[in-house]
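# Observations on chain architecture
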Amino acid sequence: MTRMWGAAARWAAGAGAATAVVALAIPRVTGTSWQPVVDALARPSALQLALLAALWLAGLWVHTPSLTAALPGLTHRRALVLNLSGSCVSNLLPLGGAAGTALNWRMAQAWGFGSAAFGRWALLTNLADTSVKLLLPGVVLCWFAVSGDGAVARLVGPAVLGVVLLALLLTAVVLVGRDDRALRRAGQLADRLVARHPRLPSAPDGWGERAARFRSESAELVRNGWGRMLGGKLLYAVFQALLLWACLAAVGAPSAPLLVASAFVVERLLSMLVITPGATGVVEVGMAAALTALGAPAAPAAGGVLLYRAFVIGMEVPAGGVVILGWWIAGRRERATQQEHAGVRSVIGVHHAPVAVGAGRMMQGPTRPKEHPHGVHPSR
């Protein structure tokens, strides 16, 4: 109960902070009021919203090969379940990525995957996701900066930052991935720390050896599936950019490639600042500011951004909640079935018990047969 109240308090604090940032900052950075924004959000028809939802779902589906490549044996359907459930929890809590990963770990264990396999999955999928987030903004913004557009040139700073961070990330991955020595040294330090503090978790074969094996198996996964890992992430980014373009068009905002690419760049970079649930508030303000700085009308730009974020963040919460509920119900049914089968086996064992006793008597030697009440032995 204490944990539930604590989670509810964190959610309320994060949601309140995100709502306050959006409510106060959007009008300031765009120079408009909320009424025109609400009017813009009322423009899409039911058919348009349905098409936007289909585009959002298609983006989630093309993302599944990236997840299945990092965990051999994982089906595309279960990959979609992991994606939606983890995103649901992450979008509800500030810094909720850890809680979402913990839920995914429980699911993977229920499906028969070990902790080491899940750890490799979490590491590799997050590395691929971060790499794409840092790569695409740099490529897109540098491309537009070369075109000589003065408005886009103001956004070159984030692009350069993304490229620098990507270079540092790839350098660290290559250094760790090529050699076990650093991992073994870190493992030896961990083993000495465990020896001094027995309450810490220990590894029978040593943390250094376990880390080296983890690196070797992860490298094997990357060699065999790097194309699907990065390809799935890139396709997911493409579909999200298309969704942003469609949302801007639905509310009447200009949807030129320059505007969409610039807003998408800002969204990719700011989405890593998960101070609030799903980085809500920070991302919307940054995207709206980028669009208006590039000359987009303020109210439609803000409305398109909010509609886009309603799909990529808001829709994941109810959809993920339904997925989590379905997984929980399926788990309860499976446990009930197992208990029922165990009860049947125990009943069968009880019925067979007299036979076992009789067999034991036969092993002790022959016994005198009982006489029939009428003095006649029963026929065999």
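In what follows, the accompanying structure is described. The structure presented is a predicted model; accordingly, all values stated were derived computationally and were not measured.

### Examining the overall build of the chain
Regarding its fold elements, the chain presents 15 helices and zero strands. Here the chain holds 380 residues, and the buried ones make up 38% of them. Long-range contacts, defined as pairs at least 24 residues apart, comprise 72% of the intrachain contacts of the chain with a sequence gap of at least 6. Total accessible area computed for the chain in this model is approximately 21500 Å², and 67% of it derives from carbon and sulfur atoms.

### A word on the pattern of salt bridges
Counted according to the given criterion, the structure contains seven salt bridges. Here Asp129 makes a salt bridge to Lys233, at a shortest N to O gap of 4.0 Å. Of the two residues, Asp129 is situated in helix H7 (residues 115-146) and Lys233 in helix H11 (residues 207-250); the sequence distance between them amounts to 104 residues. Given a relative accessible area of 7%, Lys233 falls into the buried group.

### Concerning the side chain of His63
Along the chain, His63 turns up in the loop between helix H3 (46-62) and helix H4 (64-69). Here His63 falls in the buried class, since its relative accessible area comes to 5%. In this structure His63 touches Asn83, Gly232, Lys233 and Tyr236, once residues within four positions along its chain are discounted.

### Description of the packing of H3 against helix H5 (residues 76-92)
Viewed as axis vectors pointing N to C, H3 and H5 meet at an angle of 115°, and their least axial separation amounts to 9 Å. Considering the angle they form, H3 stands roughly perpendicular to H5. With respect to the hand of their crossing, H3 and H5 are arranged in right-handed fashion. Facing Trp56, Leu60 and Trp61 of H3, the residues of H5 in contact are His76, Arg77, Leu80, Asn83 and Leu84. Taken together, the residues of the contact of H3 with H5 sort by class into five nonpolar, two polar and one charged.

### Thoughts on the environment of Leu74
By the element assignment, Leu74 lies in the loop between H4 and H5. C-alpha of Leu74 to C-alpha of Phe113: the two residues are 39 residues apart in sequence and 8.9 Å apart in space. Dropping the residues within four chain positions of it, Leu74 is found in contact with Leu67, Thr68, Ala79, Leu82, Trp111, Phe113 and Trp121.

### Remarks on H5
Taking 1.5 Å as the rise per residue, H5 with 17 residues should run 24 Å; its terminal C-alpha atoms sit 25 Å apart, in good agreement. Of all 17 residues in H5, twelve are buried; the element is thus mostly enclosed.

### Concerning the packing of H3 against H11
Running from N to C, H3 and H11 cross one another at 170°; their axes reach a closest spacing of 8 Å. The orientation of H3 relative to H11 falls into the category roughly antiparallel. Every residue of H11 that contacts H3 at Gln48, Leu52, Leu55, Trp56, Ala58, Gly59, Leu60 and Val62 is listed here: Gly232, Leu235, Tyr236, Phe239, Leu242, Leu243, Ala246, Cys247 and Ala250. Here the contact of H3 with H11 is built from residues that sort into 14 nonpolar, three polar and no charged.

### Focus on helix H13 (residues 282-293)
Spanning twelve residues, H13 covers 16 Å between terminal C-alpha atoms, matching the ideal 16 Å at 1.5 Å per step. Of all twelve residues that make up H13, nine are buried, and the element is covered over most of its length. Among all positions of H13, only Val283, Glu284, Val285, Gly286, Met287, Ala288, Ala290, Leu291 and Thr292 are buried. Following H13 by one or two positions, Gly295 has its phi on the positive side, about 100°.

### Observations concerning a nonpolar patch on the surface
Together, Val222, Trp226, Leu230 and Leu234 make up an exposed nonpolar region whose accessible area comes to about 350 Å². By relative accessible area, which is 34% here, Val222 ends up partly exposed.

### Focus: the nonpolar core
Within the largest apolar cluster, 35 residues are counted, with the highest numbers of intra-cluster contacts made by Leu243, Leu244, Leu291, Tyr308 and Phe311. Only H3, H11, helix H12 (257-270), H13 and helix H14 (298-314) provide two or more residues apiece to this core. It is H11 that provides the largest number of residues to this core, a total of nine residues. Excluding residues that lie within four positions of it along the chain, Leu243 makes contacts with Leu52, Leu55, Trp56, Tyr308, Phe311 and Val312.

The rules behind these values
- Residues numbered from 1 in each chain as written.
- Predicted model: local features only at pLDDT ≥ 70, side-chain atom pairs only at ≥ 80, totals over all residues.
- Heavy atoms only, no water.
- Helix = DSSP H or I, 4+ residues; strand = E, 2+ residues; numbered from the N terminus.
- Buried < 20%, exposed > 50% of the residue type's maximum accessible area, 1.4 Å probe, protein only.
- Contact = heavy atoms within 4.5 Å.
- Areas by Shrake-Rupley, 256 points an atom, 1.4 Å probe, with all protein chains shown as cover.
- Salt bridge = Lys/Arg side-chain N within 4 Å of Asp/Glu carboxyl O.
- Axes fitted to C-alpha atoms, helices over the stretch in contact; angles between N-to-C directions.
- Parallel < 35°, antiparallel > 145°, perpendicular 65-115°, else oblique.
- Left-handed = near helix turned anticlockwise from the far one by under 90°.
- Nonpolar A, V, L, I, M, F, W, Y, C, P; charged D, E, K, R; others polar.
- Expected span 1.5 Å × (residues − 1).
- Patch = residues over 30% accessible without salt bridge, like charges linked within 9 Å, V, L, I, M, F, W, Y side chains within 5 Å.
- Core = buried A, V, L, I, M, F, W, Y, C linked by side-chain atoms within 4.5 Å.

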